[in-house]
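The lines below spell out each chain.
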Amino acid sequence: TGTAAAPYCTDGRVTSDGMAGLVGFRQTGLAFLLAHLADAPSGAWLDAPPADAAEEEKPPPLLVYSHGFGGNMDMASYLMRSF
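Residues numbered from 1 in each chain as written. Predicted model: local features only at pLDDT ≥ 70, side-chain atom pairs only at ≥ 80, totals over all residues. Heavy atoms only, no water.

Moving on, we get to the overall build of the protein. Helix and strand counts for the protein come out as 2 helices and 2 strands. The N-to-C order of helical and strand elements in the protein reads β-α-β-α. A burial count over the protein gives 24% of its 83 residues as buried. Considering only intrachain contacts with a sequence separation of at least 6, the fraction spanning at least 24 residues in the protein is 60%. Carbon and sulfur atoms make up 61% of the accessible area of the protein, which amounts to about 6,300 Å² in all. (Helix = DSSP H or I, 4+ residues; strand = E, 2+ residues; numbered from the N terminus. Buried < 20%, exposed > 50% of the residue type's maximum accessible area, 1.4 Å probe, protein only. Contact = heavy atoms within 4.5 Å. Areas by Shrake-Rupley, 256 points an atom, 1.4 Å probe, with all protein chains shown as cover.)

Next up on the list: helix α1 (residues 13–22). Those residues of α1 lying buried are T15, S16, M19, A20 and G21. With its phi angle positive at about 85°, G24 sits one or two positions after the end of α1.

This brings us to a nonpolar patch on the surface. On the surface, L63, Y65, L79 and F83 cluster together to form a nonpolar patch covering roughly 420 Å² of accessible area. Assignment of secondary structure puts L63 in the loop between β2 (41–45) and α2 (77–82). Judged by its relative accessible area of 48%, L63 is partly exposed. (Patch = residues over 30% accessible without salt bridge, like charges linked within 9 Å, V, L, I, M, F, W, Y side chains within 5 Å. Salt bridge = Lys/Arg side-chain N within 4 Å of Asp/Glu carboxyl O.)

It is worth spelling out the environment of L34 at this point. Among the structural elements, L34 can be located in the loop between α1 and β2. L34 sits in the buried class, given a relative accessible area of 18%. Here L34 is in contact with S16, M19, A20, V23 and F25, once residues within four sequence places are set aside.

What follows deals with the side chain of S42. Here S42 lies in strand β2. Within polar-contact distance, the side chain of S42 engages the backbone oxygen of A6 at 2.8 Å. A distance of 3.1 Å separates a polar atom in the side chain of S42 from the backbone nitrogen of A44. Apart from residues no more than four positions distant in its own chain, S42 is found in contact with A6, P7, Y8, S77 and R81. (Polar contact = N/O pair within 3.5 Å; in protein donor to acceptor, adjacent residues only side chain to side chain.)

Let us now look at the pattern of salt bridges. Across all of its chains, the model carries 1 salt bridge by this definition. For D17, the salt bridge goes to R13, with nearest N and O atoms at 2.9 Å. Highlighted residues: D17 and R13, both in helix α1, separated by 4 residues, approximately one helical turn. Classification of D17 by relative accessible area gives partly exposed; the value is 23%. Take R13: its relative accessible area is 42%, and that puts it in the partly exposed class.

See below:
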């Protein structure tokens, strides 16, 4: 486990087309500008094991992220993986 790369858009083209709609690209025929996100890597790993808290002096903090109204869970995967 933890060896397969996670995609940036979990639902592929459905998600990238949804993002295009949020920014007005789909309505103007420009959805193709975000189509590359359907196959983009996220830089994260699927089913990766959690870090071993026993090696740390204290457990890591719990981070909670909300994409907000009109967003989707893929929008800040690049940000959350850096934490």
